[in-house]
Amino acid sequence: MANMMDYLDWRGDLSFAASGFNEVDNLILAQLVYVEFDGIVPGPDEKGREISLREASELFWSRHTEEEILSHVSMTKSAAFVMQKAAASERFGEARLSGYVNDISDEEQSQFSVVCVRLSDESLFVAFSGTDNTIVGWRENFNMGFLSETPGQLKAVDYLNRMIGPDEGTVRVGGHSKGGNLSVYAAVKCRQQVREKIAAVYSNDGPGFGREMLESAEHREMLPRIHTILPESGIVGMILEHEEEYEVVKSANSGIGQHDAMSWEVLGAGFLRASAVAQRSILLDEAMKKWLSELDKTQREQIVDAAFTMLDEAGIRTVDDFYHSRWKTVQELLKARDSLPEETKELFSRALKLLWKAGNDAVRKNVKMNSKKNIKSKKIKENMNK
């Protein structure tokens, strides 16, 4: 099936004056921020400086080879090829990039990346990055399970407040994965004068939030402008809670592979819709929420801290590290686990048992519901045949 690369073939020659901004454009721009633009795109302190997407692509590929990019394990490696194709199109080629930040902090347990894209119609798209190839980036995702706000979320708010001036026109904010979460958080928590300029917020398979955020007055105000898009068997976007309605799209992949934006199926100027989120995703979501409810925030923090301490002691800094030396990694992780305090190991064991029970409970509930549906359906058919 067709994806955003096909969309660029079909509609890349159409300017935004000829065909307005749509949800597929949002996903393409959300992919751009996954590209390492260090030394290519000007930063926030370089006021007034911009570079066209076409020029940025040429500079990037003068420094990198296809073989180098393809050797990465992360599914975000396709972003460089999306950029290359978008840069060659009339629709995106002359878009101007600025305000690039790529900030990875082990101390803050934060991976934060963002770029501003000025389109030909002079509207601005602020693209926040999802989790990259670093273990620090993945840890920040897990920290959302017990922190009321993460360093990345706070940086996202500060960035919007800093970059959106009083003379700015139409602003859209968006991101994929964690970038979707940061986009919503920043749009909700930024200054009122900035919020008023935001026409739309796009969360592409981004995790949700806790009740405190969802019930805030600022979130209710922004809610009509939040567009959440999930693949039908999505997992990442089902994490935590969503107050807004969400669109469910078809994907060429299955399971966690549907998180890969390149797999989302495109039809014309939009995504191919699915009727609902798949039952297995709902089951997993129910199991995870039940599991988390059985652990208090302190216990969640202890589990996450222990798990990532083990990865650190095993010398795992990126997803590539884990993949390319899997057997050695397992050995190192086992050693690191044995060095954990006894009470932490006990907490790990209890957490795994609770997760197993939550999963079994969700499956049993589903079987019971399906049995009732089958009995009801059978009775209806019997009555119709009488």
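Some words on the overall build of the protein
Link 1 in the chain: Counting its secondary structure elements, the protein contains 16 helices and 10 strands.
Link 2 in the chain: Relative to its 386 residues, the protein shows a buried fraction of 53%.
Link 3 in the chain: Restricting to contacts in the protein with at least 6 residues of sequence separation, those with at least 24 account for 72%.
Link 4 in the chain: Surface accessibility of the protein: about 18,900 Å² in total, with carbon and sulfur atoms responsible for 52%.

Re helix α1 (residues 4-11)
Link 1 in the chain: Where α1 is concerned, the buried positions are M4, M5, Y7, L8 and R11. End-on view of α1: buried residues confined to an arc of 155 degrees, all on one side of the axis.
Link 2 in the chain: Regarding α1, its N-cap is N3, as a side-chain oxygen of that residue lies 2.9 Å from the backbone nitrogen of M5 further along.

Focus: the packing of α1 against helix α2 (residues 23-32)
Link 1 in the chain: At a minimum axis distance of 11 Å, the contact between α1 and α2 shows a crossing angle of 120 degrees. The way α1 lies across α2 gives a crossing that is left-handed. Listed contacts from α2 to M4, Y7 and L8 of α1 are V24, D25, L27, I28 and Q31.
Link 2 in the chain: Residue classes in the contact of α1 with α2 are distributed as 6 nonpolar, 1 polar and 1 charged.

Quick look at the pairing of strand β7 (residues 226-231)
Link 1 in the chain: Most of β7 sits out of view: 5 of its 6 residues are buried.
Link 2 in the chain: Relative to β7, strand β6 (residues 198-204) runs parallel, the two being bridged by 4 bridges. Each residue of the ladder has a partner; that of V201, found in β7, is I226.
Link 3 in the chain: For β7 and strand β8 (residues 246-249), the ladder comprises 4 bridges, and the chain directions are parallel. Bridge pairing in β8 places L230 opposite V248.

Examining the pattern of salt bridges
Link 1 in the chain: Summed over all chains, the structure comprises 15 salt bridges.
Link 2 in the chain: The salt bridge partner of K85 is D9, with a shortest N-O separation of 3.0 Å. One end of the pair, K85, is in helix α5 (residues 79-87); the other, D9, is in helix α1, and 76 residues separate them in sequence.
Link 3 in the chain: The exposure class of K85 is partly exposed, given its relative accessible area of 29%.

Re the pairing of β6
Link 1 in the chain: Counted residue by residue, β6 has 6 buried out of 7 residues, so it is predominantly covered.
Link 2 in the chain: One ladder, built from 6 bridges, connects strand β5 (residues 171-176) with β6; its direction is parallel. Note on β6: the bridge partner recorded for H176 is N204.

Some details on helix α3 (residues 53-63)
Link 1 in the chain: All of the buried residues in α3 are L53, A56, S57, F60 and W61. Summarising the axial view, the buried residues of α3 lie within an arc of 125 degrees, below the 170-degree limit, and thus occupy one face. Residues of α3 that are exposed and point over 90 degrees away from its buried face: E58 and S62.

Digging into the packing of α2 against α5
Link 1 in the chain: Contact geometry of α2 with α5 gives a least axis separation of 8 Å together with a crossing angle of 120 degrees. As summarised for this structure, α2 and α5 are arranged oblique, according to the angle between their axes. Crossing geometry of α2 relative to α5 is assigned as left-handed. The residues of α5 that touch α2, namely those facing I28, Q31 and L32, are A79, V82, M83 and A86.
Link 2 in the chain: Among the residues making up the contact of α2 with α5, the classes are represented as 6 nonpolar, 1 polar and no charged.

Side note on the side chain of S113
Link 1 in the chain: Following the sequence through the fold, S113 ends up in strand β3 (residues 110-118).
Link 2 in the chain: Relative accessible area serves as the criterion here: at 4%, S113 is assigned to the buried category.
Link 3 in the chain: Polar contacts involving the side chain of S113 include one to the main-chain carbonyl oxygen of V101, which spans 3.0 Å.
Link 4 in the chain: Dropping the residues within four chain positions of it, S113 is found in contact with V33, Y100, V101, N102, A127, F128 and S129.

So, the side chain of D260
Link 1 in the chain: Summarising the element assignment, D260 is placed in the loop between β8 and β9 (266-267).
Link 2 in the chain: As a buried residue without a salt bridge, D260 has its nearest oppositely charged side chain in K77, at a separation of 8.6 Å.
Link 3 in the chain: Here M262 takes part through its backbone nitrogen, which lies 3.0 Å from a polar atom of the side chain of D260.

Concerning the packing of aromatic side chains
Link 1 in the chain: Evaluated as defined, the whole model comprises 11 aromatic pairs.
Link 2 in the chain: For the pair F60 and W61, a centre-to-centre distance of 5.2 Å together with 90 degrees between the ring planes defines the contact as edge-to-face. There is no split in this pair, since F60 and W61 are both buried.
Link 3 in the chain: Each residue in the set F16, F21, F92, F125 and Y202 is aromatic and connected to the rest through ring pairs, giving one cluster.
Link 4 in the chain: Note that R91 overlies the ring of F16, its terminal NZ or CZ placed 4.0 Å from the centroid.

Focus on the confidence of the model for the protein
Link 1 in the chain: For the protein, mean pLDDT is 79; residues scoring 70 or higher make up 62% of the total.
Link 2 in the chain: Overall, residues 372-378 carries pLDDT values under 50, and its contacts beyond four positions in sequence, including any with other chains, amount to 0 contacts.

Quick look at unusual backbone geometry
Link 1 in the chain: Its identity as a non-glycine residue notwithstanding, E122 has a phi of 75 degrees, on the positive side.
Link 2 in the chain: Summarising the element assignment, E122 is placed in the loop between β3 and β4 (124-128).
Link 3 in the chain: Phi is positive for D205, which is not a glycine, with a value near 55 degrees.
Link 4 in the chain: Tracing the sequence through the fold places D205 in the loop between β6 and α10 (211-214).

Cut-offs and rules
- By convention here, each chain's residues receive numbers from 1 onward along its written sequence.
- Reporting of local features is limited, given that this is a predicted model, to residues whose pLDDT is at least 70; pairs of side-chain atoms are given and counted only at 80 or more, and all residues count toward the totals for whole chains, interfaces and linings.
- Hydrogens and water are ignored here; the side-chain numbers use all heavy atoms of the structure.
- The helix and strand labels rest on DSSP assignments: H or I over at least four residues marks a helix, E over at least two residues marks a strand, and numbering proceeds from the N terminus.
- Exposure categories follow from relative accessible area, calculated using a 1.4 Å probe and restricted to protein chains: below 20% of the type maximum is buried, above 50% is exposed, and the middle band is partly exposed.
- Residue contacts are defined here by distance: any two heavy atoms, one from each residue, within 4.5 Å place the two residues in contact.
- Residue-level accessible areas treat just the shown protein chains as cover; the underlying method is Shrake-Rupley with a 1.4 Å probe.
- Arc, as used here, means the arc of the directions from the helix axis to the C-beta atoms.
- For the purposes of these results, a polar contact is taken to be a pair of N or O atoms within 3.5 Å, where, inside protein, one atom must be able to donate a hydrogen and its partner to accept one; residues adjacent in sequence count only when each atom of the pair is a side-chain atom.
- Axes, fitted as lines to C-alpha atoms, cover a helix only where it is in contact. Angles between the N-to-C directions of the axes lie from 0 to 180 degrees.
- With the far helix as reference, a near helix turned anticlockwise by less than a right angle produces a left-handed crossing, and one turned clockwise produces a right-handed crossing.
- In this classification, Asp, Glu, Lys and Arg are treated as charged, Ala, Val, Leu, Ile, Met, Phe, Trp, Tyr, Cys and Pro as nonpolar, and every other residue, Gly included, as polar.
- When DSSP finds two or more bridges between a pair of strands, those strands are recorded as paired.
- Only one rule defines a salt bridge in this text: a Lys or Arg side-chain nitrogen within 4 Å of an Asp or Glu carboxyl oxygen.
- Each angle is binned into one of four classes, with values under 35 degrees roughly parallel, values over 145 roughly antiparallel, values of 65 to 115 roughly perpendicular, and all other values oblique.
- The charge count treats Lys and Arg as positive and Asp and Glu as negative. His and the chain ends do not count.
- Here the aromatic set is Phe, Tyr and Trp, taking the six-membered ring for Trp, and pairing holds for ring centres within 6.5 Å; pairs whose planes are under 30 degrees apart are stacked, those over 60 apart are edge-to-face, and all others are tilted.
- In this scheme, the term charge over a ring applies when either NZ of a lysine or CZ of an arginine sits within 6 Å of the ring centre and within 35 degrees of the ring normal.
- Scored between 0 and 100, pLDDT is the confidence that the predictor attaches to each residue.

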